[in-house]
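Each chain, letter by letter, is given below.
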Amino acid sequence: MKPFHYVIIGNGVAANKAAETIRHNHADAKITLISREFFLFYYRHKLPLYITGKIDETDLQVYPVEYYRERNIRLRLGQIVQKVDLHKKVVYLKHMEKVHYDRLLICSGGRSYIPEIYYPFRSCFTTMKRLSTARTIREKLPSVQSIAIVGGDLTSVKLAETLIDTGREVTFILDDYAFWPLESASEIRDSLENALRKMGANVISNDPLNMVKQIKDDDPPLYEIQTQSGKTLQAQMVGAFFGFKPDIDFLIRSGLDIDRGILVDDQLKTAFDDVYAAGDCAQIYAPELKNYWVSVGWKNALRLGEAAALNMVGLTGHARKPAAHATQYKGIKLSTPWWHIL
Amino acid sequence: MKQTDSLVIKICGSAGDGAISAVEILNRACALMGFHIMNFDSYPAEIRGFGKSVGHTRISRTPLLTPGRYADCLVALNDMHAITELKRIKPDAALVYDSRPPDYIEEDCAVAGFIEPGMSGYGVPLRELSAQAVKSARSRNIVALGAIAAMYNLDPEAFIEAINIRFARKSAVVREINSAALKMGYEYIRNHRERPVHKTLLAVKRHDRPIRIVNGNEAAAIGALDAGLTLYAGYPITPATKIMEYLAKKLPPKNGTVVQTEDEIAAIGHVVGAGYTGKRAMTATSGPGLCLMTEMLNLAVQAEIACVVINSMRGGPSTGLPTKTEQADLNLALYGGSGDSPRVVLAPANVPECYIMTRRAFEIAEAFQTPVILLLDFFLSNRFEDVDETVLETFEPGMFKRLTAEPVSGKPFERFRVTDNGVSPAAFPGMPGLKHAITGLEHTPRGFPNYEGDNHRAMTEKRRRKFIELQNAWPHPDVTGPKGQLSIGVLSWGSSIGAVREALASPELKGLSIGGCFPRLLQPLQTEPLKLFANRCDRLVVVELNSSGQLAGLIEQTTHKKAMRLADVPAEPPAVEQIVRYLTGVLK
């Protein structure tokens, strides 16, 4: 008889916590983690340190391979989910393989978000959601002295700090879109602006980006950035940090309810039996609000992964809405109204 | 990006998928670039369309001793077969697979599903690209070669040159479309991978030396041709058949004859008959065939007739494992036959030695009027190496020469005269004044049957004594390692020598008190140098591919010292890693 098969799409914090919880509660089940990235589960928040050479790739790793071997968790890295058939309970992989599941958890996370109005400049932008892109930046960085950062999410603040620490000139263009999916973020912007100036960054605020173009195709290249007020500056790298959007393109036409993320109830369950979602890609219903909230941050994802897994193995877990002001960095207190109402 | 001294590449498919021919082109291309190669394919015993075929090659900037067991790159032309090869790849290996097969494959049937952390998956639409290039999927193997060229920074032009050589007899269209398929695989990797290169080989200079890519069978056949072979008689048997196939093409133009006989008994009968007339004749067979030949070989021993037999060993007993390697026919070669039946047994260690020892075998057979058995095996017969042609050209004939009789008037000719060195001057039918009798019965010096004890003792002694000269004249076994007393002395023979030498040179064992001793002449065994080596060693270990430790038994008899046996029958060449592990364990 075939073992009960839990398939988890994703290899981030929610996915790994879920796998661990399932194994703990269902010893003889088959557990498969599918990730489009080639790397073992890593600390995303340490990527800025990795980029600037302060730590190595192995320091990013959360668990070694042996961790998965010991727990008999099958890791399918570098494999892309092409589509899912939730009626037949099959995950279709891009390399034309069918993976049958009994219960599915989607923790596919997010990918770097570039606001539509900036699409014309996206070839000039460097993003850093994944380790593969971080690797490329790390390789390019030694020849780069001046960096412009457009946006303003937490990762970009950490990156600015480490870049300034390594003697590089950083100009930060704080952009309203940086706080997507938050609509109004003046409080956060002010807080960030002050913190960035203290770090030693040049900050351009209340002056949105108008145009970016490459003016020199060299090593390093040179970009010209223009704001709407007509300010221009040059930089050898332009980082774009507008947060992320759920990586759920493979779910188009799957029948799942999707708004900005996969809509799930407070037990992380979708409208389909045996299909759950957790982490950055999920939009979770809060009964007390009669509305949905999205997850941000490591600890939050950890809790959601655990709750989803408990429900999947037949126990009960509830998504607990985190308190406001749950995220702080360098004294920047990030109010989190979007955790309440989108 | 990792740099490496050598790369092991496996291309795995069903028989007929072109895995073997792809590796052939890869070998040629790498040899053209100046790399050394060692290639050992494995394929099913059955006919085309069944079973797994694995083209396996190792590429290096330095000369190679083994083809390596664990691959840096596995190309899957057939997912199910490739899955079974995953246990023979390195933890950081690259896996090339068809990313767009015609339909979805069930879980656990797609090789891509087995990519472990640390490995690199290279999905390439092999079928699609092949269809674009040649209008069918049959050049998937060539597309995969293009991918390999890109993944290892190998010059695609060398691959195209190799394709042109491989398809030289085909039309220009065939060469062009296969070159196009290669370029498609190459460009796909370059354009679709952020980091196309998996590993790079340390660079070598392209050279102009004439290089032949030959396997042990071909090298032995070429050696026989260059030795002046006039008759080859044989009955097809894996893994020796290729010798006959090669000679069937090459010997008749040189006025020689190839006869495919009805069985092995007839084949050795032809060869002994030709030897009786003074012609250079040879047969090649494998274990089951050698069993059948033992009676006729005994006749050649008794009648002191020169003949050469190549025995390419495979897994046994009986029909055994026709397409798997083993070294379990040593006892049969040494002792097969009734009575005291001394003969010469040689075991080359690599492809150039197959050439050299086959040539030398004819000299020995004639000089000492004896059967000479050359022990190859499936691995050595089928493994390809790049051989510098100048090495073959520098062979110096005449190390041993036939002593031909001259008629002495008034005295009857004694064909089997008992001499001090045991060698009697030879004569052949039709030579004036040298009439003599030949028989399988014990005989007098003139060749007439005689059953007296004194005569039998004298003749038996003479037949053994004649090899003392060979023992003395043959180069002493290779001895490697530190001078002085050794913790371990490792002995091995034939095709296993390479693995032992590589193990001894490995970082784990290098610098330790371990030495090696590698005889090629297994009968008569060179007792003195072996004793000298054994006396220097606290422990002896014999590495060979048989279960009972056949050489180990011989070494114990000779050196009067107990030998530990790393004797295994894995149906594949010995693994360096296994030898290193074993010796490390012995040292503890």
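All chains use their own residue numbering, which begins from 1 and follows the written sequence. Each chain is given a letter, starting from A, and each ligand a number, starting from 1, according to the order in which they appear as written. Totals for whole chains, interfaces and linings use all residues, but because this is a predicted model, local features are given only for residues with pLDDT of at least 70 and pairs of side-chain atoms are given and counted only at 80 or more.

Moving on: the overall build of chain B. Secondary structure counts use DSSP, requiring at least four H or I residues in a row for a helix and at least two E residues in a row for a strand, with both numbered from the N terminus. The helix and strand inventory of chain B stands at 20 helices and 23 strands. Atoms counted for the radius of gyration: C-alpha only. Globule rule: 2.2 Å times residue count to the power 0.38. Compactness check: chain B gives a C-alpha radius of gyration of 26 Å against a globular reference of 25 Å for 588 residues, within 12% of the reference. Neighbour counting defines burial: a residue surrounded by 20 or more other C-beta atoms within 10 Å of its own C-beta is buried, one with 12 or fewer is exposed, and intermediate counts give partly exposed, using backbone-placed C-beta atoms. Looking at chain B as a whole, 53% of its 588 residues qualify as buried. By the convention adopted here, residues make contact when the C-beta atoms placed from their backbones lie within 7 Å. Counting contacts in chain B only where the partners sit at least 6 residues apart, residues at least 24 apart contribute 75% of the total.

Examined at the domain level, chain B breaks down into domain 1 (2-208), domain 2 (213-393), domain 3 (403-474) and domain 4 (475-587). Each domain's extent was defined by an automatic or database domain assignment. For domain 1 of chain B and domain 3 of chain B, the distance between their C-alpha centroids amounts to 58 Å.

Residues and elements named next belong to chain B. With mixed pairing, the five strands of this open sheet are ordered in space as 18-20-19-22-23. The open sheet is flanked by strand 18 (478-480) and strand 23 (563-567), the only strands paired with a single partner. Taking each pair of neighbouring strands and ignoring which way they run, the sheet shows an average axis angle of 20°. Any two strands between which DSSP finds at least two bridges are classified as paired. As defined by bridge partners, strand 19 (residues 486-492) adjoins strand 20 (residues 514-518) across four bridges and the pair is classed as parallel. Residue pairing across strands places Val-490 opposite Gly-516, the latter belonging to strand 20. Throughout, an axis means a line fitted to C-alpha atoms (over the contacting stretch in the case of helices), and angles, computed between N-to-C directions, take values from 0 to 180 degrees. Sheet strands in contact with helix 19 (residues 550-559) are strand 19, strand 22 (537-544) and strand 23, and its direction is about 150° off that of strand 22. Relative to strand 19, helix 20 (residues 576-587) is tilted by about 150°, and along the sheet it contacts strand 19, strand 20, strand 22 and strand 23.

Interfaces are frequently sized by the accessible area removed from exposure as the parts join. Contact residues are listed per partner, giving 15 residues for chain A and 17 residues for chain B. Considering each element in turn, the side of chain A that touches chain B owes the most residues, four residues, to strand 6 (residues 97-100) of chain A. Class assignment of the residues belonging to the side of chain A that touches chain B gives a composition of seven nonpolar, five polar and three charged. Residues were grouped as follows: Ala, Val, Leu, Ile, Met, Phe, Trp, Tyr, Cys and Pro as nonpolar; Asp, Glu, Lys and Arg as charged; and all remaining residues, including Gly, as polar.

With that settled, the discussion passes to the domain arrangement of chain A. Segmentation of chain A into domains returns domain 1 (5-45 + 61-109 + 247-335) and domain 2 (113-244). Relative to domain 2 of chain A, the C-alpha centre of domain 1 of chain A lies at a distance of 30 Å.

So, on to the confidence of the model for chain B. Within a predicted model, pLDDT stands for the predictor's per-residue confidence, ranging from 0 to 100. Residues at a pLDDT of 70 or more form 99% of chain B, whose mean pLDDT is 94. Quick note on the complex model: pTM equals 0.85, ipTM equals 0.80.

What follows deals with unusual backbone geometry. In the segment running from Asp-219 of chain A into Pro-220 of chain A, the intervening peptide bond is cis, with an omega of 5°. When you line up the elements, Pro-220 of chain A lands in the loop between strand 13 (209-216) and strand 14 (222-227). Residue Gln-523 of chain B is joined to Pro-524 of chain B through a cis peptide bond whose omega torsion reads 0°. Within the element layout of this structure, Pro-524 of chain B appears in the loop between strand 21 (521-523) and helix 18 (527-535). Phi angles above zero are rare outside glycine, and Ser-318 of chain B is one such case at about 55°. Residue position: Ser-318 of chain B is located in the loop between strand 14 (307-313) and helix 11 (330-335). Judged by C-beta crowding, with 7 C-beta atoms within 10 Å, Ser-318 of chain B ranks as exposed.

Here we come to the packing of helix 18 of chain B against helix 19 of chain B. Residue and element names in this part refer to chain B. Close contact between helix 18 and helix 19 brings their axes to 9 Å; oriented N to C, the two are set at 90°. Judged by the angle between their axes, helix 18 and helix 19 are roughly perpendicular. Seen from helix 18, the contacting residues are Thr-527, Leu-530, Lys-531 and Ala-534; seen from helix 19, they are Ile-555, Thr-558 and Thr-559. Split by residue class, the contact of helix 18 with helix 19 holds three nonpolar, three polar and one charged. Roughly parallel means an angle under 35 degrees; roughly antiparallel means over 145; roughly perpendicular covers 65 to 115; every other angle is labelled oblique.

Further remarks concern the environment of Val-576 of chain B. Residue and element names in this part refer to chain B. Within the element layout of this structure, Val-576 appears in helix 20. Considered as a pair, Val-576 and Val-500 are 76 residues apart in the sequence and their alpha carbons are 6.7 Å apart. Beyond its immediate stretch of four places on either side in the chain, Val-576 contacts Thr-66, Ala-499, Glu-502, Ala-503 and Ser-506.

Residues with a pLDDT of 70 or more make up 91% of chain A, whose mean pLDDT is 88. This stretch, residues 335-342 of chain A, has a pLDDT under 50; its non-local contacts, to residues over four places away or in other chains, come to 25 contacts.

With that settled, consider the sheet that holds strand 18 (residues 262-264) of chain A. Residue and element names in this part refer to chain A. Across the sheet, which stays open at both edges, the three strands sit in the order 18-20-21 with mixed pairing between neighbours. In the strand order of this sheet, the two ends are held by strand 18 and strand 21 (291-294), each with one partner. If you compare each strand with its neighbour and ignore which way they point, the axes differ by 35° on average. Here strand 20 (residues 282-286) pairs with strand 21 via four bridges, running antiparallel.

What follows is about the packing of helix 7 (residues 216-226) of chain B against helix 8 (residues 241-250) of chain B. All names here are of chain B. One way to put it is that helix 7 packs onto helix 8 with a least axis distance of 9 Å and a crossing angle of 40°. Here helix 7 is positioned oblique relative to helix 8, judged by the angle of their axes. The two elements helix 7 and helix 8 cross, and the hand of that crossing is right-handed. Facing Asn-217, Glu-218, Ala-220, Ala-221 and Leu-225 of helix 7, the residues of helix 8 in contact are Lys-242, Ile-243, Tyr-246, Leu-247 and Lys-250. A per-class count over the contact of helix 7 with helix 8 returns six nonpolar, one polar and three charged. Helix crossings are classified by the rotation of the near helix relative to the far one: an anticlockwise turn of less than a right angle makes the crossing left-handed, while a clockwise turn makes it right-handed.

To continue, consider the pairing of strand 12 (residues 257-260) of chain B. All names here are of chain B. Strand direction decides the pairing type here: strand 11 (residues 231-234) and strand 12, joined by four bridges, are parallel. The partner of Ala-233 across the bridge, within strand 12, is Val-259. Place the viewer so that the strands point away; then a crossover is right-handed whenever the path from the first strand over the helix to the second strand goes clockwise. Chirality of the crossover, the property in question, places the unit of strand 11, helix 8 and strand 12 among those that are right-handed.

Residues and elements named next belong to chain A. With five bridges joining them, strand 1 (residues 5-9) and strand 2 (residues 30-35) adopt parallel strand pairing. Note on strand 2: the bridge partner recorded for His-5 is Lys-30. Assessed by its sense of winding, the connection that carries the chain from strand 1 through helix 1 (residues 13-25) to strand 2 is right-handed. Pairing analysis gives five bridges linking strand 2 to strand 3 (residues 73-77), with the strands arranged parallel. If you follow Ile-31 over to strand 3, its bridge partner there is Ile-73.

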